[in-house]
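Residue strings, one per chain:
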Amino acid sequence: MSIFHYIKKITPDVLNKTDVSNRIDIWKVSVSDIKNNIQSLPEILSGDEVKRVNKYRLNKDKTHFIISRTILRMLLSSYLKKQPKDIIFSYTNTLKPMLSTQDLEQQIYFNLSHSNGLILYAVCRGNDIGIDVECLASTLNSDALEKRFFSLGEREYLSSIPLEERQKEFTKIWVIKEAYLKATAKSISDVENVEVITEKNKSLILKYNGKNVNLDKWKIYQFEPEEDYVACVVYK
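All of these numbers come straight from a predicted model, not from anything done at the bench.

J.: What is the right way to look at unusual backbone geometry in this model?
T.: It is generally the case that most residues other than glycine have a negative phi and that most peptide bonds are trans. Although it is not a glycine, Lys81 adopts a positive phi angle of roughly 60°. One non-glycine residue, Asn209, lies in positive phi territory at about 55°. Along the polypeptide, Asn209 turns up in the loop between strand 9 (204-208) and strand 10 (211-212).

Spelled out as structure tokens, the structure:
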């Protein structure tokens, strides 16, 4: 069975533009679909990636990394028109993966995120991009994260939401924060400096270090890739 059988394209219509130069592709993979057939995956990881696999203590973490990186290489190979094993990654100082200099001329940008067995990939041409996904049923400690990383305005907004809706609304704010930091190659530890203001008409204001982010330049799109999952992609 082809590896691409496990990869599903789920690009929302609003991002599925006919102009290839501006189109954003969103792909998803369920780890549970592949983990029992992991031996069928092609051996295309680099030496550095194999070393990283061996550093994981838990088998589930090894399996997850092998699947996520193998699928990433397979996806990017279809955009770059080169063999998956020949793709070379470099990393920003915040460890965001990107293509090495030799492939940058093709202007392919990508990002990936995972939560509770679901992996999302975002791929586009010519623009920085970040994606984040969270499972509503995950062990994300919203109370502790809210107290530590959310502004007074964000906390007041959440307190105005009915209790049964609060976890989802918290998660929607959280994925915006993380997707923006990933798109701009900032450290995830900087999350407390990102503020998401939800106005009464549900429009958003995004701030970084107290200054408004230009949302004509940076676009935010939220969606639900599966039931009980919330995701966000931020792109130029």
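J.: I tried to follow the packing of helix 5 (residues 142-149) against helix 7 (residues 163-183) on my own but got confused; where do I start?
T.: For any two helices packed against each other, the geometry is given by the interaxial angle and the distance between the axes. Remark: helix 5 packs on helix 7, axes separated minimally by 11 Å, with the N-to-C direction vectors making an angle of 50°. As the angle between them shows, helix 5 and helix 7 are arranged oblique. For helix 5 against helix 7, the interelement crossing comes out left-handed. In this structure, helix 5 contributes Ser142, Leu145, Glu146 and Phe149 to the contact, and helix 7 contributes Gln167, Phe170, Trp174 and Lys177.

J.: How should I be thinking about the layout of surface pockets in this particular structure?
T.: Any empty space left between the atoms is revealed when a probe the size of a water molecule rolls over them. There is about 1000 Å³ of room inside the largest pocket. For the lining of the largest pocket, the secondary-structure elements that each account for two or more residues are helix 1 (31-34), helix 3 (59-80), strand 5 (108-115), strand 7 (129-135) and helix 7. Here the element with the most residues in the lining of the largest pocket is helix 3; it accounts for eight residues. Roughly 220 Å³ of internal volume is contained in the second largest pocket. In this structure, the second largest pocket is lined by Ile38, Gln39, Leu41, Pro42, Glu43, Ile44, Leu45, Val50, Val53, Asn54, Ile66 and Thr70.

J.: Mind showing me how you'd approach the sheet that holds strand 11 (residues 219-223) here?
T.: The pairing of strands in a sheet happens through backbone hydrogen bonds and is either parallel or antiparallel. Strand order in the open sheet made by the three strands is 7-12-11, with antiparallel pairing throughout. Each edge of the sheet is formed by a strand with only one pairing partner; in this case those strands are strand 7 and strand 11. The mean angle between the axes of side-by-side strands here comes to 15°, regardless of whether they run parallel or antiparallel. As judged from the seven bridges shared by strand 7 and strand 12 (residues 229-235), these two strands associate in the antiparallel manner.

About the cut-offs
- Residues numbered from 1 in each chain as written.
- Predicted model: local features only at pLDDT ≥ 70, side-chain atom pairs only at ≥ 80, totals over all residues.
- Heavy atoms only, no water.
- Helix = DSSP H or I, 4+ residues; strand = E, 2+ residues; numbered from the N terminus.
- Axes fitted to C-alpha atoms, helices over the stretch in contact; angles between N-to-C directions.
- Parallel < 35°, antiparallel > 145°, perpendicular 65-115°, else oblique.
- Left-handed = near helix turned anticlockwise from the far one by under 90°.
- Contact = heavy atoms within 4.5 Å.
- 1 Å grid on protein atoms, 1.4 Å probe; cavity = no way out; pocket = protein on both sides within 12 Å on 5 of 7 lines; lining within 4 Å.
- Points joined across faces, edges and corners; volume = space filled by probe spheres on them.
- Pairing = 2+ DSSP bridges.

Keep in mind these numbers describe shape, not what the thing actually does.
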